[in-house]
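Letter by letter, the chains look like this.
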Amino acid sequence: MDREKILATLRTAQLGRQFYLLEETTSTFDALKQHPPVHGLTVAARRQTSGVGRRGKNWESPSGGIYFSTLLLPDLSPADAPFITLLCALSVHRALDKRLPCGIKWPNDVVCGGKKVCGILTLANCADNVLKSVSVGMGINANTLSFPDELEGRATSVRLETGKTVDPNKLLCDILYELELCLQGDRAALLEEYKCHCVTLGAQVTAHFPDKEVKGTCTDITPDGCLVLQTKDGQTLTVGSGEVSVRGIYGYV
């Protein structure tokens, strides 16, 4: 990545206009906190030594990936935070789908050929029933050629799938542009677009609660970003991404 090329390529009004590129950091989430909170503030790094995934898991940051975090200061309520997560996934899908066929695994993984090509983490900061900010972290396997043993067969990259080297500056700018458009778009239309590309819809999934597992079919995604699960015995459950993990989707082709 090249900071000057990114700033010259940006098509956004706000996202990424305050941009920092680091050679190495613990995580771009950590680096984001080192700057005054400005809407669209973006920090990218060529390497992360302690990337953060969902539920505090380590996010592997192999060479060739694009790793960045963006700060959003939306004029929304805390109840809207899960929908922002969906919009982040949709923005990446829009940018990547121009390069290779892909889908969205609810709520925010982008997959290709049954393998993850992008992971997204959103952290909401709420106080006094106000959504103060949302920190969005993204890791895109752009030009990655190999993965740790535990990710073999579960992860892929744009380069591995297409055989072409990706311009990381252009891809990062495309994602920020699409995210800015999504944040300004019609919510109902965006939800329908998300559903069209969500490979979880209609799939058999397992919801992992702290005290039990529930198997069923994903029948819908609600306007607030939750998954609707229909069990074999006819029960309908609404599942929030912060409540459970949903597995069983990476067979998507």
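For the structure itself, consult the block above.
Below you will find a few notes about this structure. Every value quoted in this text rests on a predicted model; they were computed, and no experiment measured them. (Residues numbered from 1 in each chain as written. Predicted model: local features only at pLDDT ≥ 70, side-chain atom pairs only at ≥ 80, totals over all residues. Heavy atoms only, no water.)

1. A closer look at the pairing of strand β9 (residues 130-140)
Successive residues of a regular strand alternate their side chains across the two faces of the sheet.
Okay, so step 1: Most of β9 sits inside the fold, with nine of its 11 residues counted as buried.
Okay, so step 2: The sheet contact formed by strand β5 (residues 66-72) and β9 spans seven bridges and is antiparallel. Its bridge partner lying in β9, Tyr67 is registered against Gly139.
Okay, so step 3: Where strand β8 (residues 115-127) lies against β9, 10 bridges are found, and the strand directions are antiparallel. Following the sheet pairing, Leu123 is matched in β9 by Ser135. (Buried < 20%, exposed > 50% of the residue type's maximum accessible area, 1.4 Å probe, protein only. Helix = DSSP H or I, 4+ residues; strand = E, 2+ residues; numbered from the N terminus. Pairing = 2+ DSSP bridges.)

2. Digging into the pattern of salt bridges
Okay, so step 1: Counted by the stated rule, this structure contains 14 salt bridges.
Okay, so step 2: Residue Glu23 is joined to Arg46 by a salt bridge in which the shortest nitrogen-to-oxygen separation is 2.8 Å. Note that Glu23 is positioned in strand β1 (residues 19-25) and Arg46 in strand β2 (residues 42-48), a separation of 23 residues in sequence.
Okay, so step 3: Judged by relative accessible area, Arg46 falls into the partly exposed class, the value being 32%.
Okay, so step 4: Among the ionic pairs, Asp220 bridges to Lys195, the shortest N-O distance being 2.9 Å. Linking Asp220 in strand β11 (residues 213-221) with Lys195 in helix α6 (residues 187-197), this pair joins segments that are 25 residues apart in sequence.
Okay, so step 5: One connected set of salt bridges, linked through shared partners, spans Arg11, Arg99, Lys170 and Asp174. (Salt bridge = Lys/Arg side-chain N within 4 Å of Asp/Glu carboxyl O.)

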